[in-house]
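Results of the structural survey
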Amino acid sequence: MIKCFRYIVMLVVGAACLHSCFKDVVSYTDFNIAVYDQSVADGEIEPSSAVETFAYYVDTTEWSVLSYEDALAHRITNKTTGEVLSTPDVVGTFDASLPYPASIRLEQPISMMVLVNPSLKLYAYRKYELPVNLPAVDTKLYMASWRMSHSSSGWMIRNDFYVAPSGE
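Parameters and conventions
Residues numbered from 1 in each chain as written. Predicted model: local features only at pLDDT ≥ 70, side-chain atom pairs only at ≥ 80, totals over all residues. Heavy atoms only, no water. Buried < 20%, exposed > 50% of the residue type's maximum accessible area, 1.4 Å probe, protein only. Helix = DSSP H or I, 4+ residues; strand = E, 2+ residues; numbered from the N terminus. Pairing = 2+ DSSP bridges. Core = buried A, V, L, I, M, F, W, Y, C linked by side-chain atoms within 4.5 Å. Contact = heavy atoms within 4.5 Å.

What to know about the pairing of strand β14 (residues 155-158)
For a regular strand, side chains alternate in direction, first toward one face of the sheet and then toward the other. Burial of the side chains of β14 is restricted to one face: Trp155 and Ile157 are buried, whereas none of Met156 and Arg158 on the reverse face is. Bridge count for strand β11 (residues 122-129) against β14 is 3 bridges, and the pairing is antiparallel. Looking at the pairing, Tyr125 lines up with Met156 of β14. Bridge count for strand β13 (residues 150-152) against β14 is 3 bridges, and the pairing is antiparallel. Within β14, the position partnered with His150 by the bridge is Ile157. The turn linking β13 back onto β14 is made up of 2 residues, and Ser153 within it adopts a positive phi angle of 50 degrees.

Regarding unusual backbone geometry
Trans is the prevailing form of peptide bonds, just as negative phi is the prevailing case for residues other than glycine. Of note, the phi angle at Asn133 is positive, near 65 degrees, even though the residue is not glycine. Along the chain, Asn133 turns up in the loop between β11 and β12 (136-144). What makes Asn133 partly exposed here is its relative accessible area of 41%. Unusually for a residue other than glycine, Ser153 sits at a positive phi of about 50 degrees. With respect to the helices, strands and loops of the structure, Ser153 is situated in the loop between β13 and β14. The exposure class of Ser153 is exposed, given its relative accessible area of 56%.

A short note on the nonpolar core
In terms of nonpolar packing, the biggest core is built from 21 residues, with Phe31, Met143 and Trp155 touching the most fellow members. Discounting residues that sit within four places of it in the chain, Trp155 has contacts with Phe31, Ile33, Met113, Leu115, Ala124, Tyr125, Arg126, Leu141 and His150.

A look at the sheet that holds strand β5 (residues 76-78)
In space, the 3 strands of this open sheet follow the order β4-β5-β6, with antiparallel pairing throughout. At either margin of the open sheet sits one strand with a lone partner, and together these are β4 (63-64) and β6 (84-85). Sheet topology note: the β4/β5 ladder contains 2 bridges and is antiparallel. Bridged to Trp63 within β5 is Asn78.

A look at the sheet that holds strand β10 (residues 110-117)
Strand order in the open sheet formed by 6 strands is β7-β3-β10-β11-β14-β13, and the pairing between neighbours is antiparallel. On the outer flanks of this sheet lie β7 (90-91) and β13, each paired with one strand and no other.

So, the environment of Ile45
Relative to the helices and strands, Ile45 is located in the loop between β1 (29-38) and β2 (46-47). C-alpha separation for the pair Ile45 and Val35, spaced 10 residues apart in sequence, amounts to 9.9 Å. If we ignore the near neighbours within four places in the chain, the residues touching Ile45 are Tyr36, Asp37, Gln38 and Tyr142.

Encoded structure:
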């Protein structure tokens, strides 16, 4: 009888724990970005005055941004089929008064995030896999218009307008 009572108590406590443990699980991430600009080598690094962010719930292994003009128009292209998408699943916000002014909420397991920096005429994109129970990510992204296209902190930064200095 006592064993039976213990099992019932353990089941009730276990069920209560499961209920309380999982009710606070979040299934989104607010990806917050502080973007910094550098227009000349060894020049000052300044916070971006405005950037655009958007995301598609697709994988970067299958999709890409083909040009700066496509990034401005929120267009991505399938690498295999050539299919073009031009209506993002989510568009971010920008509030210069915040420490991480660019913000985008992601709610699907895989996202392709795109960030457009009109002042430097650069764009960046990356794949993001949604973790369980991580409501916010704060990160920094440094963009330099004097550099060739390159990767940084998981981002592919594209400079379609790069001109090599004479002598390179």
